[in-house]
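Observations on the model geometry
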Amino acid sequence: MSLTLIKTVLLLAAANLFMLFAWYGHLRDLHHKPLWIAIIASWGIALIEYCLQVPANRIGFTQLNLAQLKILQEVITLVMFVPFAVMYMHQPLKWDYVWAGLCMMGAVYFIFRT
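The structure contained in this document is the topic of the report that follows. (Residues numbered from 1 in each chain as written. Predicted model: local features only at pLDDT ≥ 70, side-chain atom pairs only at ≥ 80, totals over all residues. Heavy atoms only, no water.)

1. Focus on the overall build of the chain
- In terms of helices and strands, the chain carries 4 helices and 0 strands.
- For the chain, with 114 residues in total, the buried portion stands at 29%.
- Here the contacts in the chain between residues at least 6 apart in sequence split such that 77% fall between residues at least 24 apart.
- Summed over its atoms, the accessible surface of the chain is roughly 7700 Å², and 75% of this surface lies on carbon and sulfur atoms.
- Mean positive and mean negative side-chain charge positions of the chain (7 and 4 charges, respectively) differ by 6 Å. (Helix = DSSP H or I, 4+ residues; strand = E, 2+ residues; numbered from the N terminus. Buried < 20%, exposed > 50% of the residue type's maximum accessible area, 1.4 Å probe, protein only. Contact = heavy atoms within 4.5 Å. Areas by Shrake-Rupley, 256 points an atom, 1.4 Å probe, with all protein chains shown as cover. Lys, Arg positive; Asp, Glu negative; His and termini not counted. Charge placed at Lys NZ, Arg CZ, Asp CG, Glu CD.)

Right, dumping it as structure tokens:
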């Protein structure tokens, strides 16, 4: 695995973690606050996400094409989402996550086979 791909994956994973909190963390932590507070907090968190996502895509695009970058992000999203949903949001672990992961493996195969 190249250093470029490692940097890309690590930056995308970090960016995705911030995005999960920006998109969903307020549902647990700020549900009792006014909506505008949740929006402002989410924007602040999303700014950090963008500061990681943009460099990740620039670095990754030196060796991956656009479709490969996108499917890589989607796989990372699922890998990060499941523990976030189960451990932080206290959602039940579902077999649907496994089936979604298998579908993503198929998508990875088709995008990276060339």
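Structure's up, so let's keep going.
2. Observations regarding the packing of helix 1 (residues 3-29) against helix 2 (residues 35-60)
- The contact between helix 1 and helix 2 brings their axes to 8 Å, and the two run at 165°. In terms of axis orientation, helix 1 runs roughly antiparallel to helix 2. Remark: the crossing between helix 1 and helix 2 carries left-handed chirality.
- Classifying every residue of the contact of helix 1 with helix 2 gives 16 nonpolar, 7 polar and 2 charged. (Axes fitted to C-alpha atoms, helices over the stretch in contact; angles between N-to-C directions. Parallel < 35°, antiparallel > 145°, perpendicular 65-115°, else oblique. Left-handed = near helix turned anticlockwise from the far one by under 90°. Nonpolar A, V, L, I, M, F, W, Y, C, P; charged D, E, K, R; others polar.)

3. Looking at the nonpolar core
- The biggest cluster of nonpolar side chains holds 7 residues, and these are Leu12, Ala13, Ala56, Leu64, Leu69, Leu72 and Ile76.
- For this core, the secondary-structure elements that each account for two or more residues are helix 1 and helix 3 (66-88).
- Looking at which element gives the most residues to this core, the answer is helix 3, with 3 residues.
- Ignoring anything within four residues of it in the chain, the contact list for Leu64 reads Leu5, Leu69, Leu72 and Phe112. (Core = buried A, V, L, I, M, F, W, Y, C linked by side-chain atoms within 4.5 Å.)

4. Considering a nonpolar patch on the surface
- Together, Leu35, Trp36, Ile39, Ile40 and Trp43 give the surface a local cluster of nonpolar side chains, amounting to about 620 Å² of exposed area.
- Its location among the elements puts Ile40 in helix 2.
- The class for Ile40 is partly exposed, based on a relative accessible area of 48%. (Patch = residues over 30% accessible without salt bridge, like charges linked within 9 Å, V, L, I, M, F, W, Y side chains within 5 Å. Salt bridge = Lys/Arg side-chain N within 4 Å of Asp/Glu carboxyl O.)

5. Focus on helix 3
- Spanning 23 residues, helix 3 covers 31 Å between terminal C-alpha atoms, matching the ideal 33 Å at 1.5 Å per step.
- Within helix 3 the residues assigned to the buried category are Gln68, Leu69, Ile71, Leu72, Gln73, Ile76, Val82, Phe84, Ala85 and Tyr88.
- Residues of helix 3 that are buried sit in contact with helix 1, helix 2 and helix 4 (95-112).
- Between the side-chain oxygen at the start of helix 3 and the backbone nitrogen of Ala67 there is a gap of 3.0 Å, and the oxygen is on Asn65. (Expected span 1.5 Å × (residues − 1). Polar contact = N/O pair within 3.5 Å; in protein donor to acceptor, adjacent residues only side chain to side chain.)

6. Overview of the pattern of salt bridges
- Following the criterion strictly, the structure yields 2 salt bridges and no others.
- Its salt-bridge partner being Asp29, residue Arg28 comes within 3.4 Å of it at the nearest N-O pair.
- Taking relative accessible area as the criterion, Asp29 reaches 33% and is therefore assigned partly exposed.
- Across the pair Lys70 and Glu74 runs a salt bridge, and its minimum N-O distance is 2.7 Å. Taken together, the residues Lys70 and Glu74, both in helix 3 and 4 residues apart, mark about one turn of the helix.

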